[in-house]
Structure formats: structure tokens, C-alpha cells
Number of protein chains: 2
Amino acid sequence: MSERKLIVIGGDAAGMTAASKIRREQPEREIIVFERGHHTSYAACGIPYYIAGQVKSEEDLIARKPEVFREKQNIDVRIRHEVIEIDAAKKQVKVKDIEKDEVYSETWDDLLIATGASAVKPDLPGINAKGVFALSSLQSGIDVFNYMKKNNPEKALIVGGGYIGIEMAEALLDRDMDVTLIDMAPQVMTTMDKDMAELILEFMKKEGIKVFPEEKLSGFEKDAEGKIKSVVTDKQNHPADLVILGMGVKPNSELAAAAGVKLGAGNAICVKKDLATSVPHIWAAGDCAESYHLLKKQQVFVPLGTVANKHGQVAGINISGGKAEFPGVLGTAITKFRKLEISRTGLSEREAKELGLDYKSNTIEATTLSSYYPGTGKMSVKLVIEKGTGRILGGQIVGTSGSAKRIDTIATAITGNMTVQNLVDMDLSYAPPFSPVWDPVQIAARTLL
Amino acid sequence: MSERKLIVIGGDAAGMTAASKIRREQPEREIIVFERGHHTSYAACGIPYYIAGQVKSEEDLIARKPEVFREKQNIDVRIRHEVIEIDAAKKQVKVKDIEKDEVYSETWDDLLIATGASAVKPDLPGINAKGVFALSSLQSGIDVFNYMKKNNPEKALIVGGGYIGIEMAEALLDRDMDVTLIDMAPQVMTTMDKDMAELILEFMKKEGIKVFPEEKLSGFEKDAEGKIKSVVTDKQNHPADLVILGMGVKPNSELAAAAGVKLGAGNAICVKKDLATSVPHIWAAGDCAESYHLLKKQQVFVPLGTVANKHGQVAGINISGGKAEFPGVLGTAITKFRKLEISRTGLSEREAKELGLDYKSNTIEATTLSSYYPGTGKMSVKLVIEKGTGRILGGQIVGTSGSAKRIDTIATAITGNMTVQNLVDMDLSYAPPFSPVWDPVQIAARTLL
């Protein structure tokens, strides 16, 4: 097995986690990683904090550089190398060396596709105006940073009120910009239910973001130099000298599809539990591949760092001859906007309804700490449970400091197939600087009993 | 049933939670609560923060006053009334009205004993010196506060490095006092394993506390006015003008024992799962009663606010004719010393060893947030698992801001009978301001696989 040559396409979380795992298991195996960008193993989730100036250098976001993989792990990482074709029959990839502008071929015995995802950039008039950015790679973050430094934009417009949209709204507000956010949905954070999203919307407005829900992007106007001047929607025209597109991401799966690899949920690469694709000896991991949702009981497209890392780990074990299965996701996610923390796991009320489940849900408000302890704040917890059985289906939290990480208690309870009664009964930690006597998650559970 | 007269002895968390629950279920029932102190339903856990000056008034620690119980809930709360005898055969208590110095009797159909626990005050020479305090009731906290205001002590000595000891060390340091802590054990925080306790000890020393482990208290020296002058141990003499005893608590179970009620773990009142005692129609709840430990599979004495509240709830349901069982404890606890957060749940390595379990354990160090995010700090996580099955037995956390509440993830996993593999597989929340990609709890689990 260890003589089999491995090619990995994509040098970020999933690809490099897998490559590193395989190297540990198979010290002699030939491993080549092609990465079309400049960077390996970087923290894409940190980009908004880099743009905000909270993370001092882009270097801080890079966990391990290509030369370290080459020198310390004997992994042949080739950056600025783009795989442009996979030939599954010949077990061969065609690679373009971007710097040299040369194309060559490499053969493989095993191929791991870890091409990630790209930010959606709709084909609208003026989309290529200078100052319009879609965030995905570290390079795109650096581009925004450099553009801001050079042009000192004052009026930012963000398209999309999801995770990237909210984090970038915070970042640009921290940069003293005037920030407007539009979203075609009637709420921000569509992964949350509307009642919880309202709390976020109100807070964002209070902090000075102009938010326009139910507004659809229709194009961009440039000035004489080709720089962005304003954003056109179906309702109005927003002057802006910087635009960030947070309109979601799509899996980079075209290369795989062209090679005959089956696609699945949201056009992500269809994978089995071991992360094998439909084509023998081709594996896929990370943002380009789908994941099994434990509650929806179906494959979903969840492009998140935690998932990419686990995918990489599982693919690495299987490619090196071990046996592992991806355990599935609950759709757990967390973010913050200034002092407001936001998290969710499992099914929202809307998702439970869509799945036709017989559910019950409730939202409570509690204090984060003992009500008399300095720094205590408000937090709201929403729980969704199955009627009859009381099984916990999902949770959402919006609140001040110390609120959101409590979602892990709910995620763990869902994983353990626990009921709302179990949640009430549990021996959770309490002291005045950390929690009220009944943890807010348990208060939410109690009101559902 | 609702005609049955109920007497509750003790007006704090367990007693008043039960009384309130019963009132909701049985609006007409006669309920009398005797409380020997001045206060009802107060947050004893908040006392150190009140003494530190972080909680502005003792009023803030009182959740509900006697008159509110009387007026809003028709519960006949009689403060400064001490029950001095229970006659189980006659179903009658003898009560002393402390203010009037009169003794009278009241009959009952059901009796709930919720007498709490008292701080241990060993019978040593000089123990009654002015300025020596054992903390338990709110009044004892007020006494310390007033003593400090009047006497401006400068040199504090704390006996015992448990929760109260550590929290009081913080409080008195915040009051700019010179603080010494002695403990007869070879470590502070004996509910933690020694390796974790070392981290706490080092931090306390760095913050300026003088800590002397393995020193046994032998007495106190007073000045001419009867005020504390120094504390004598088996090793030396510590000058001190304020002494706090944090030598543990003992259940107030003498009254019950004298009435023929069986005692159990640590001399706490022996209770069944429904919180009935060995004597029909007598119930016990809160710090005076024992609790079932889910992992030790035996009754234990765990005097904690969370437990008292749950006891009160369960006793209230059963006394009002419903059916509920106390779900048991894991020994979950949390505290902090300045910026250092401390928590534990389940079995420590020492406890696992004592129980003769075939266990494995490991401690890891990780960052609390993404390593590049401002404010990230160090945290250590220790996990104890069962060999072979991988079942999680316990966890301990010591670290900076955001560390300790993660113990709830471990407590939930233990409750759900999960294994260390389940913990690694779980979909926990991640974003740079909250966690590294792998939550430190999962990093700890991974290293045990």
C-alpha cells in the first residue's frame, strides 16, 4: 500500500490534514499536493478579524507553510499549481504551473480532491468593478486589506446577512466605516429562526449598521476609473466605495464532475461515509464534498472549518489503509457581532417544519451569569424538541458574553439522543461568575416540560 | 391530600423551592416555613463576591424575601424561628421564636427538613477570637463585611484551599489585603487531581497569595481585646487580623437524627430517590440530605446550590402528590480565582483509582480561542476514561477566560454514556473568537484515542 502514489488537490484544511495523517502512517509514501493559491493550511475563518485589524498579520492566519510541509514532513507541496483536468481512467492529472505558465501531467494511484469552495459571485452588470470583493481564500482577504489601505473607502456595502456578512459588518464598523447590509431574505442569518434573527437585526442597527432585508442585488455602478460607485438593488441605489459579497459559497466540484465523479447535495462531491467518491481510488474531503446530517438523515453541503478538518482526518485514515467513517454533522455554528454572540445546532423550527416533524419549541430569556454578578447580561435560548418523545432536535442562542458556547451542551445532548428531561436533570456547572443556578439551557428545557 | 398541613424547616434554596412548587400545585394547602436566620432564598455562593465589593448590597443576594412569600404566595414564612425538636410519632415540632424567646408547638401532616449545612468550626484554642469567621449563611457574610468595615484588617489568613477558600482569597486580595492560605492537604482544591491543582497553586502564588500546603491548624492567639492576633499551625505562627475558615461544611442533620431519621453519607440525611427519609411523611432536601452519585453508584454528600434547587423541586413534586426522582449528581463544580477558571465533573483520576476502576487519563494544553485571535489564553483539560470501553468518567479544566464552562460538554457526554470517540466525533461550535477548530475538550479526547 505504501508504494501507492498519492496526489492531493488543494492545500488547505482538508487536504493538508489528510496529507499529514497519511505521512504519519506511511513515512515512505510519495505525496504530492497541488495548491493553485499562494498559501497552505490557513484559517479562512480568521479573515474578517484580519481585515478588522484584530489579527496583526496575514502570517498569523497560516498554520503551516508549504516549505514546512516539504522540509519537515516530506510532503511535496506545489503552490501556484492548478490541476486543470483529472483523467480517472488513466489515473492522471494535468497540472498548470501558474508562475511558469507550463502544463504537465502527474499520475496517481490514489487521488484526494480537496478543492474547497468559492464565494458566489453572480454574473450581474458591473460585478468586476474595482472594490467589489467576494471572500473565500486568504488571498481574497489580503486583497480587501490592501485595497482598503490604498483607497481608504468610507462607505461599505455588504451583500448577504449570513456569517461572512455579519463578521465583515463588524470588521468594517471597527474600521470606522459607514456600513450598509442588504439581504434578499426577510431576515438576517437564515440559519436561525426569524424570532432569533430579529434580536440580531435589532442589535446590528443599534450599533450603527444600516440593514435592508428583502432587497435584491441587481448590479453595480462604476466611476470613470472603474471603481465601484454604487450598488443597485430592486429597491434603490446605495452609494458605496467598498462592496463585500457574502452571498454564500459553492463547492469547487467542476473538475471532479468533468472526470465523471458523481455530485450530490448542493453540487458538492457525493461521498460515502469513508469519503470515497463514486470513482474508485478517488476520494474527496472538505468544502468541496457533502456531509451526512445526523438529524436530517440526508447528505448536506456544510462548508465549515470543523467539518473540513474532520473530513481530512477520516480521508487520511482510509487512504493510508485504516478504517474510519465521518460521524456526521448537526449544523452547529457560532459567530458574533461585537458584543452579541450567536450560535445554533441541530434543526431550527423552520427545518423541523420542513421535514414534517411533530415538534414543539420555545424561547426563553435569562441572564448569562447570576443576576447580581457584575457583567451579567441577557441571553435568549430557543429549543426545538420532538413532541411525545421529548428528544432534543435543535437549539439557538443569541446573547451577550458567555452565551453562545453553551450551544455545545445542546449539541452534545443531541448527539447522545437525549430528551428535554435529561437536559433538565443534568448536573451542569454553576457559580455566580459563570451562570445562574439553573443554566439558561436548562431553563429553556424546563419551560418545555 | 391538599388538606394536609406542611411544615418546612429551613427557608433557603431547597425549602423555598419545594414550598413554592407545592403552592403552585396545591393553592389551598397550609404551608409553614420556619427559618432560624433573618433571610430566605439567598445566594450563599455570592457571599465572596459581596465581601469583595463586586456585589453592591446584601439585598442583591436575596432572591425573594419572607414578606413576598407571605403576601404573594400565601406561604407562612416565620424567620428567626428555630425548630428545636421534631416528634415524629406525634407529628409535631417544637419551635423557638428567637426574638420573643418563646417556645411553642406546631403539628404537621408532612414535614420537609431543609436545614442546610454549616461551616466546620473545629474546637481549637482561641476559635472564638473576634475576627475569626466561618462562612455559611448570608448573615455570616454580612458579619465579615461589617467586621472589615469597622476594623480595617490588613492581614488575612484563610484556612482551607477548597472552593470557599479560593473564592475568599480572591475577595480579600481584591480588598488589598495581605492574604495567606493554609491547607493540611498537600494540594489546594482536593476535588481536582494534583497535576491540575498545581496549576491553580502556581497562579495563586503569582497573584500574591502566600500558600502553605501540608500545614495543620492548631489554634488562634488573641490580643487583649479578644481580637485575633495570629494563627498557630503545626509548623509556624502566622500573624493575622482576619481569619476565614474554609474547612468544609457539615450537614445540619442533628435535629433529624434525634427524631429517629436515618443518616447516611457524610452524616447527611439518608433519602430515597423521591427524597423521602426513613420515617414516613418526613422528607429531606438540600445541603442537609445526601445525593446519589451517578458514577460512584453510591450516596454522597454534595452541598451545592444546583443540587439544593433540584432537591427542592423533586421534593415539592412528591409532597404535592406528583411523582419525581432526583436524577443524581456527577460532582460538577466550577469556580475562579481572578483570571483563572477552574471546573471539574465526574470522577477525578484519584476517585477512579479509589473505586478500583480500570481507567486511562491524560492532560492536554490548548488555547481557549484561535491562537491568532486577541485575548486567547491557555487552558488545560484533563480527561479520565474507562479502559476498553472508552466511556468518559470525568474531566477537569483549568484555564483563562472561556475555559471552565466547557466542563458542561463533558458533563453532558457523561450523562449520555458517551465514549471518548463520541466526544471526538461531535459537531461542536467553532469560530476564531470562541475556540480553536478542534475544541480543547476534543483535543483532550483525541490524544486518548
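Residues numbered from 1 in each chain as written. Chains lettered and ligands numbered in written order. Predicted model: local features only at pLDDT ≥ 70, side-chain atom pairs only at ≥ 80, totals over all residues. Heavy atoms only, no water.

### Section: the domain arrangement of chain A
All names here are of chain A. On domain assignment, one finds that chain A holds domain 1 (6-118 + 250-319), domain 2 (121-247) and domain 3 (333-448). For the pair domain 2 and domain 3, the summed buried area comes to about 1,800 Å², and 58% of that belongs to carbon and sulfur atoms. On the domain 2 side of the contact with domain 3, Glu170, Asp193 and Met196 bury the most area, a combined 31% of that side's loss. Summed over the shared surface of domain 2 and domain 3, the result is 5 salt bridges. The interface formed by domain 2 and domain 3 holds 14 residue pairs in polar contact (both at pLDDT 80 or more) in total. Breaking the side of domain 2 that touches domain 3 down by element, the ones donating at least two residues are helix H5 (163-174) and helix H6 (194-206). Considering each element in turn, the side of domain 2 that touches domain 3 owes the most residues, 7 residues, to H5. Residue classes in the side of domain 2 that touches domain 3 are distributed as 12 nonpolar, 3 polar and 6 charged. (Domains from an automatic or database assignment. Buried area = accessible area lost by both parts, 1.4 Å probe. Salt bridge = Lys/Arg side-chain N within 4 Å of Asp/Glu carboxyl O. Polar contact = N/O pair within 3.5 Å; in protein donor to acceptor, adjacent residues only side chain to side chain. Helix = DSSP H or I, 4+ residues; strand = E, 2+ residues; numbered from the N terminus. Nonpolar A, V, L, I, M, F, W, Y, C, P; charged D, E, K, R; others polar.)

### Focus: the sheet that holds strand E6 (residues 102-107) of chain A
All names here are of chain A. Taken in spatial order, the 3 strands line up as E4-E5-E6 in an open sheet, and their pairing is antiparallel. The strands lining the two open edges of the sheet, one partner per strand, are strand E4 (81-87) and E6. In this sheet, adjacent strand axes meet at a mean angle of 25 degrees when their direction is disregarded. Across 6 bridges, strand E5 (residues 92-97) lies against E6 in antiparallel orientation. Residue Gln92 lies in a different strand from E6, and its bridge partner there is Thr107. (Pairing = 2+ DSSP bridges. Axes fitted to C-alpha atoms, helices over the stretch in contact; angles between N-to-C directions.)

### So, the packing of aromatic side chains
All chains considered together, the criterion is met by 10 aromatic pairs over all chains. Ring centres of A:Phe133 and A:Tyr147 lie 5.4 Å apart, and the angle between their planes is 70 degrees; this geometry places the pair in the edge-to-face category. With A:Phe133 in strand E9 (residues 132-134) and A:Tyr147 in helix H4 (residues 138-151), this pair connects stretches of sequence that are 14 residues apart. Taking relative accessible area as the criterion, A:Tyr147 reaches 13% and is therefore assigned buried. Measuring from ring centre to ring centre gives 6.4 Å for B:Phe34 and B:Tyr104, while their planes differ by 65 degrees; the resulting arrangement is edge-to-face. (Phe/Tyr/Trp six-rings, centres within 6.5 Å; stacked < 30°, edge-to-face > 60°. Buried < 20%, exposed > 50% of the residue type's maximum accessible area, 1.4 Å probe, protein only.)

### Some words on the sheet that holds strand E23 (residues 359-367) of chain B
All names here are of chain B. Spatially, the 5 strands line up as an open sheet ordered E21-E22-E25-E24-E23, and their pairing is antiparallel. Of all the strands in the sheet, the pair left with one neighbour each is strand E21 (333-337) and E23. Direction aside, the axes of adjacent strands within the sheet are offset by 10 degrees on average. With 9 bridges joining them, E23 and strand E24 (residues 378-386) adopt antiparallel strand pairing. When the bridges of E24 are listed, Asn362 appears paired with Leu383.

### A closer look at the interface of chain B and chain A
The interface is formed by 54 residues belonging to chain B together with 55 residues belonging to chain A. For the chain B face of the interface with chain A, the top three residues by lost area are B:Tyr372, B:Asp427 and B:Phe434, together amounting to 16%. The tally of links from chain B across to chain A stands at 2 salt bridges. Residue A:Lys405 is joined to B:Asp439 by a salt bridge in which the shortest nitrogen-to-oxygen separation is 2.6 Å. Between the two partners, chain B and chain A, sit 18 residue pairs in polar contact (both at pLDDT 80 or more). Breaking the side of chain B that touches chain A down by element, the ones donating at least two residues are helix H8 (305-319), E21, helix H10 (407-415), helix H11 (420-425) and helix H12 (440-448) of chain B. A breakdown of the residues in the side of chain B that touches chain A according to their chemical character gives 27 nonpolar, 16 polar and 11 charged. (Contact = heavy atoms within 4.5 Å.)

### What about the environment of B:Leu428?
The topology assignment puts B:Leu428 in the loop between H11 and H12. With relative accessibility at 3%, the residue B:Leu428 sits in the buried group. With 13 residues separating them along the chain, B:Leu428 and B:Val441 place their C-alpha atoms 9.8 Å apart. In contact with B:Leu428, other than residues within four places in its own chain, are A:Thr306, A:Thr332, A:Asp408, A:Ala411, A:Thr412, B:Thr409, B:Asp439 and B:Gln442.

### Brief notes about the nonpolar core
Counting 62 residues, the largest nonpolar core has A:Ile392 and B:Ile392 as its most contacted members. What B:Ile392 contacts, discounting residues up to four positions off in sequence, is B:Leu383, B:Val384, B:Ile385, B:Ile410, B:Ala413, B:Ile414, B:Met418, B:Thr419, B:Val420 and B:Leu423. (Core = buried A, V, L, I, M, F, W, Y, C linked by side-chain atoms within 4.5 Å.)

### Regarding the side chain of A:Arg78
All names here are of chain A. Tracing the backbone shows Arg78 in strand E3 (residues 76-79). For Arg78, a relative accessible area of 17% translates into the label buried. Polar contacts involving the side chain of Arg78 include one to the side chain of Asp76, which spans 2.8 Å. Within polar-contact distance, the side chain of Arg78 engages the side chain of Tyr104 at 3.0 Å.

### A few points about the relation of the copies chain B and chain A
Turning one copy of the chain about an axis and sliding it along that axis gives the other copy, so a rotation and a shift relate them. Overlaying chain B on chain A yields an RMSD of 0.0 Å, the required transformation being a rotation through 180 degrees with an accompanying axial translation of 0.0 Å. Interpreted geometrically, this transformation is the action of a two-fold axis. In this assembly the copies share their binding face: 100% of the residues contributing to the interface of chain B also contribute to that of chain A. (Least-squares fit on C-alpha atoms with pLDDT ≥ 70 in both.)

### Things to note about the pairing of strand E25 (residues 392-399) of chain A
All names here are of chain A. Counting buried residues in E25 gives 8 out of 8 residues, a clear majority hidden from the surface. With 6 bridges connecting them, strand E22 (residues 340-346) and E25 associate as antiparallel partners. In the strand pairing of E25, Glu341 is matched with Gly399. Inspection of the sheet shows strand E24 (residues 378-386) paired to E25 by 7 bridges, in the antiparallel sense. Each residue of the ladder has a partner; that of Val384, found in E25, is Gly394. Counting the residues in the hairpin turn of E24 and E25 gives 5 residues, including Gly388, whose phi is positive at 85 degrees.

### Remarks on the pattern of salt bridges
Close approach of charged atoms allows side chains with opposite charge to pair. All names here are of chain A. Applying the stated rule across the entire model yields 58 salt bridges over all chains. Taking the shortest distance from any N to any O, the salt bridge between Lys96 and Asp101 comes out at 3.9 Å. By relative accessible area, Lys96 is classed as partly exposed at 30%. Given a relative accessible area of 57%, Asp101 falls into the exposed group. One salt-bridge network, in which partners are shared between bridges, spans Lys5, Asp76, Arg78 and Glu106.

### Quick word on empty space enclosed by the protein
Within this structure, the stated rule accounts for 2 cavities of 30 Å³ or more. Estimated volume of the largest cavity: approximately 60 Å³. The wall of the largest cavity is formed by B:Val271, B:Lys272, B:Lys273, B:Leu275, B:Glu290, B:Ser291, B:Tyr292, B:Gln299, B:His311 and B:Phe326. Of the residues that constitute the lining of the largest cavity, the class distribution is 4 nonpolar, 3 polar and 3 charged. Volume-wise, the second largest cavity comes out at about 30 Å³. If you go around the second largest cavity, the residues you meet are A:Asp425, A:Met426, A:Asp427, B:Thr306, B:Val307, B:Lys310, B:Phe326, B:Gly328 and B:Val329. The element contributing the most residues to the lining of the second largest cavity is H8(B), with 3 residues. Considered class by class, the residues forming the lining of the second largest cavity number 4 nonpolar, 2 polar and 3 charged. (1 Å grid on protein atoms, 1.4 Å probe; cavity = no way out; pocket = protein on both sides within 12 Å on 5 of 7 lines; lining within 4 Å. Points joined across faces, edges and corners; volume = space filled by probe spheres on them.)

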